Amino acid sequence: MKIKSKNEQDTYILASKIASLLNGGEIILLNGDLGAGKTTFVKGIAKALNINEVVTSPTFTLLKTYSSEKFTLVHVDAYRLDGSSFDELYDYLNNDNVIFIEWSSCLANTDFLQEYLSISITYKSKNQREFDINAKGKRYLSFLKEFDHNV
Ligand code: ADP
Ligand code: MG
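Residues numbered from 1 in each chain as written. Chains lettered and ligands numbered in written order. Predicted model: local features only at pLDDT ≥ 70, side-chain atom pairs only at ≥ 80, totals over all residues. Heavy atoms only, no water.

Visitor: What exactly am I supposed to notice about the packing of helix α1 (residues 8-19) against helix α2 (residues 38-48) here?
Guide: For any two helices packed against each other, one specifies the crossing angle of their axes together with the interaxial distance. Interhelical geometry of α1 versus α2 gives an angle of 55° and a closest axis separation of 8 Å. It follows from the interaxial angle that α1 and α2 lie oblique. In terms of crossing hand, the pair formed by α1 and α2 is right-handed. Where α1 approaches α2, its residues E8, T11, Y12, L14, A15, S16, I18 and A19 are matched on the opposing element by T40, F41, K43, G44, I45, K47 and A48. Grouping the amino acids of the contact of α1 with α2 by side-chain chemistry returns eight nonpolar, four polar and three charged. (Axes fitted to C-alpha atoms, helices over the stretch in contact; angles between N-to-C directions. Helix = DSSP H or I, 4+ residues; strand = E, 2+ residues; numbered from the N terminus. Parallel < 35°, antiparallel > 145°, perpendicular 65-115°, else oblique. Left-handed = near helix turned anticlockwise from the far one by under 90°. Contact = heavy atoms within 4.5 Å. Nonpolar A, V, L, I, M, F, W, Y, C, P; charged D, E, K, R; others polar.)

Written as C-alpha cells, this is what we have:
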C-alpha cells in the first residue's frame, strides 16, 4: 500500500494513524535511505502516544525505550550493526513493547522476524516522500486492513 507524504506534518499524521492501531507486541520495520524520514516517523509515533521525551536517532546506542500509557516504544537503529546479530532485541519481544526498527535490512538475525509490518520510505523531493506499507503474517494483514479502513 503506497501513501504519499507532502511534508513532515503529513508524515506525523500518517504516524498517528498507525499509532492508534498499536496494542503492544507489534514489530514495525523501517527502511529507506538516510534522510528518508524513518526517525521523523518514529517521532510522530511518540508524539501520538503522548511521549514527551525527545526522540533522537539511536544510531550509537542501537536501542532506546520510551514508556507510554499502553506500552513501551522501543526504537532501534540497526545501521551500525552492519550485518552483525543483535541479541539484546530478543529481550523486548513481548506484548509490553512495540518495536520500530530502522535499517532492519542491516540485521543479521532475522529469525524473529516471521511476522511484521514493513514500511519503506522513498525520497521524492525536498519535502515529498512515498511510504510503501506492507504486512507479513495474519496479524499484520488485518492491521493493514484496519488501517486502510481508517485512512
Ligand atoms: P532517516 O531517519 O530516514 O535518516 P530523518 O527522519 O532523520 O531520516 O530525516 C528526515 C528529514 O527529512 C528531516 O529533516 C525531516 O524534517 C525532513 N522531511 C522533509 N519532508 C519530509 C516528509 N514528508 N516526511 C518526513 N520527513 C521529511
Ligand atoms: Mg534515522
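Visitor: Looking at this structure, I do not really get the side chain of E26. What am I missing?
Guide: Relative to the assigned elements, E26 resides in the loop between α1 and β2 (27-31). A distance of 2.9 Å separates the side chain of E26 from the backbone nitrogen of N23, its partner in a polar contact. In this view, E26 contacts L21, N97, V98, I99, R139 and Y140; residues no more than four positions away in its chain are not counted. (Polar contact = N/O pair within 3.5 Å; in protein donor to acceptor, adjacent residues only side chain to side chain.)

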